Amino acid sequence: MSFPNWKRLLEISPESWLIAAVAVLLSYLVLYGALRFVGSRIGALAQRTDRLAGRIVAEVLQSTNRFIILLVSLLVGLGTIELTPAWETWRSHAWVLLIGLQIALWLNRAISAWLRDYRARTDGADLRNRASTTTLVFLLRFALWLTTALAVLANLGVNITALVASLGIGGIAVALGLQTILSDLFASLAIALDKPFQVGDAINFGSNSGTVARVGIKTTRILSDSGETIIISNTELLKQIVRNYRPMQQRRVAFSFRIAYQTPVEQVAELSQAVKDIILAIAQTRFARAHFKGFGESALEYEVVYFVLSPDYGLYMDIQQRINLELMRACAARNIQFGYPVRTVQMATDSALAMLPASTLEALPQPE
């Protein structure tokens, strides 16, 4: 790329410079005024509709760099002057450079506005997850400025093929060396964006359960129900089935019990209604069903399903205990016995022994 001849500027007539100066002034006033007007109108509309996107667009437009507006106006003014091809080439490259830089600044301001709004909307517990959000914002800004730089260099005539190839090979080498760390990092970003759980949520994973205390870049700390702190990598945590109890508004409870086979049929039929009456008399419960389920090996089996209208585990245990006690009283009032394993031993008579083969009789223990 050849450098333009600066002497050509001295050959331009004063009238041409005056026209260019007027064009620069008008361009600056029009561009600056238009951006401020459009930004204020969008901002007012966003305030009425409470739209985050509108507020971000308004802030981005109103934060346009004045120096870049001035440089763009200068390029507009130079467009009114007849320049050499070398100067026209440099002017076109300057257009690309300024527009690319301003777009990058707009996007960077949009990211900052989104981050500020996100932190304002999150409560105190979510503020502990700022490490993941900050990491995400850093990666977005890095990708933004890298893409802008490569686009500008390519437009200026720089061969970026070798540079992109070097960045790709270097990125692969770094990714292989930091595979475990990057895996945990992206798992942390997945938790921050997808929000399968948040700080303060009660969760269950594998054979462990507890409350999420902190979500870091590499690990998550969980205060277990037994009191100790469980530290697990984000990757390993997301590989498991995680049960989050925070969205739970009610608790479904299913339990069974058994009664003896000697129970009269009439009382077997009445017991389902008795269980229903017990559950309906307890507040914060919703009865679902109670059935004589079937014939067990040594007892008659019942299955009961009801809902506790609260996720509180302690309340559920109190209600279940009350149901158990009331069920015992109902069975005692009806003289119904609970079922338990029973084995019947039938002694063989002499006639039955006589029918056995001789080899089997010899194997039986002989009385002393």
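Bear in mind that the values here come from a model prediction, so they are computed numbers and not experimental data. Sequence positions are assigned chain by chain, starting from 1 and proceeding in written order. Only residues with pLDDT of at least 70 are given local features in this predicted model, and only at 80 or more are side-chain atom pairs given and counted; all residues enter the totals for whole chains, interfaces and linings. Heavy atoms throughout the structure, all of them, feed into the side-chain values; hydrogens and water do not.

Further remarks concern the overall build of the chain. Secondary structure is summarised from DSSP: a helix means a run of H or I of at least four residues, a strand means a run of E of at least two, and numbering begins at the N terminus for each. Assigned secondary structure in the chain consists of 13 helices and eight strands. Among the 368 residues that make up the chain, the fraction classed as buried is 33%. Each accessible area value is a Shrake-Rupley result obtained with a 1.4 Å probe; residue values ignore everything except the protein chains displayed when judging cover. Here the chain has roughly 23400 Å² of accessible surface; of this, 62% comes from carbon and sulfur atoms. Only protein chains enter the accessibility calculation, which uses a 1.4 Å probe; a residue whose area is less than 20% of its type maximum is buried, one above 50% is exposed, and one in between is partly exposed.

To continue, consider the nonpolar core. Within the largest apolar cluster, 25 residues are counted, with the highest numbers of intra-cluster contacts made by F257, I259, L271, Y306 and I323. Of all the secondary-structure elements, those providing two or more residues to this core are strand 6 (251–259), helix 10 (265–280), strand 8 (300–308) and helix 11 (313–333). Take this core: its biggest share by element is seven residues, from helix 11. Contact between two residues is taken to exist if any of their heavy atoms lie within 4.5 Å; hydrogens are not considered. Contact partners of F257, with chain neighbours within four places excluded, come to L271, V275, L300, E301, Y302, V304, L327 and F338. Of all hydrophobic cores here, the second largest spans 10 residues; its members include I191, F197, V212 and V215. Residues enter a nonpolar core if they are buried and are Ala, Val, Leu, Ile, Met, Phe, Trp, Tyr or Cys, with the set joined through side-chain atoms within 4.5 Å.

Another aspect to go through is the sheet that holds strand 5 (residues 242–244). Each pair of strands is called paired provided DSSP finds at least two bridges between the two strands. The strand order across the open sheet built from five strands is 4-3-2-1-5, with neighbouring strands paired in antiparallel fashion. The outermost strands of the open sheet, each flanked by one partner alone, are strand 4 (229–233) and strand 5. For this sheet the average axis-to-axis angle between neighbouring strands, irrespective of direction, equals 40°. A fitted line through C-alpha atoms represents every axis, and for helices the fit uses only the stretch in contact; the resulting angles, taken between N-to-C directions, go from 0 to 180 degrees.

Below, the discussion takes up the sheet that holds strand 7 (residues 285–295). Taken in spatial order, the three strands make up an open sheet running 6-8-7, and their pairing is antiparallel. Only two strands of the sheet have a single partner each, and these edge strands are strand 6 and strand 7. Strand-to-strand twist across the sheet, computed as the mean angle between neighbouring axes with direction ignored, equals 15°. Two strands pair when backbone bridges link them, and strand 6 and strand 8 are joined in this way by nine bridges, in the antiparallel orientation. Its bridge partner lying in strand 8, A254 is registered against V305. The sheet contacts of helix 10 involve strand 6, strand 7 and strand 8, and relative to strand 7 the element is tilted by about 160°.

What follows concerns a nonpolar patch on the surface. A contiguous nonpolar surface patch, about 500 Å² in accessible area, is contributed by F138, L139, F142, L146 and F186. No other element matches helix 6 (residues 130–155), which puts four residues into the nonpolar patch. Along the chain, L139 turns up in helix 6. A patch consists of residues exposed above 30% relative accessible area that lack any salt bridge, with like charges linked at up to 9 Å and nonpolar side chains (Val, Leu, Ile, Met, Phe, Trp, Tyr) linked at up to 5 Å. Any Lys or Arg side-chain nitrogen found within 4 Å of a carboxyl oxygen on Asp or Glu counts as a salt bridge.

By the secondary structure assignment, Q262 is in the loop between strand 6 and helix 10. Classification of Q262 as exposed rests on a relative accessible area of 67%. When the C-alpha positions of Q262 and L300 are compared, they lie 9.4 Å apart, and in sequence the two are 38 residues distant.

Here the focus is the environment of I222. Assignment of secondary structure puts I222 in strand 3 (residues 219–224). A C-alpha to C-alpha distance of 8.3 Å links I222 and S209, two positions 13 residues apart in sequence. Look past the residues within four positions of I222 in its chain and what remains in contact with it is I203, F205, G210, T211, V212, A213, E228, T229, I230 and I232.

This part covers unusual backbone geometry. Phi is positive for Q284, which is not a glycine, with a value near 60°. Here Q284 lies in the loop between helix 10 and strand 7. Look at N335: it is not a glycine, yet its phi comes out positive at around 60°. With respect to the secondary-structure elements, N335 resides in the loop between helix 11 and helix 12 (350–354).

Let us look at the pairing of strand 1 (residues 202–205). Pairing between strand 1 and strand 2 (residues 208–215): four bridges, direction antiparallel. Within strand 2, the residue paired with N204 across the bridge is S209. Sheet topology places strand 1 next to strand 5; three bridges connect them, and they run antiparallel. Each bridged residue has a counterpart across the sheet, and for F205 the counterpart in strand 5 is V242.

The next subject is the pattern of salt bridges. This model, assessed by the stated rule, comprises four salt bridges. Between E303 and K293 there is a salt bridge; the shortest N-O distance is 3.9 Å. Taken as a pair, E303 in strand 8 and K293 in strand 7 lie far apart in primary sequence, 10 residues in all. Sharing partners across several salt bridges, the network here consists of R289, K293 and E303.

Two packed helices can be described by the angle between their axes and the distance between those axes. Look at helix 10 against helix 11: their axes get within 10 Å of each other, and the N-to-C directions meet at 140°. The orientation of helix 10 relative to helix 11 falls into the category oblique. The element helix 10 and its partner helix 11 pack so that their crossing is right-handed. Along the contact surface, helix 10 presents L271, V275, I278 and I279, while helix 11 presents I323, E326, L327, A330 and C331. When its residues are assigned to classes, the contact of helix 10 with helix 11 shows eight nonpolar, no polar and one charged. For classification, angles of less than 35 degrees are called roughly parallel, those exceeding 145 degrees roughly antiparallel, those between 65 and 115 degrees roughly perpendicular, and all remaining angles oblique. The handedness criterion is simple: a crossing whose near helix is rotated anticlockwise from the far helix by less than a right angle is left-handed, and one whose near helix is rotated clockwise is right-handed. Amino acids outside the nonpolar list (Ala, Val, Leu, Ile, Met, Phe, Trp, Tyr, Cys, Pro) and the charged list (Asp, Glu, Lys, Arg) are all regarded as polar, and Gly is one of them.

Okay, the pairing of strand 7 next. Relative to strand 8, strand 7 runs antiparallel, the two sharing nine bridges. Note on strand 8: the bridge partner recorded for R289 is V305.

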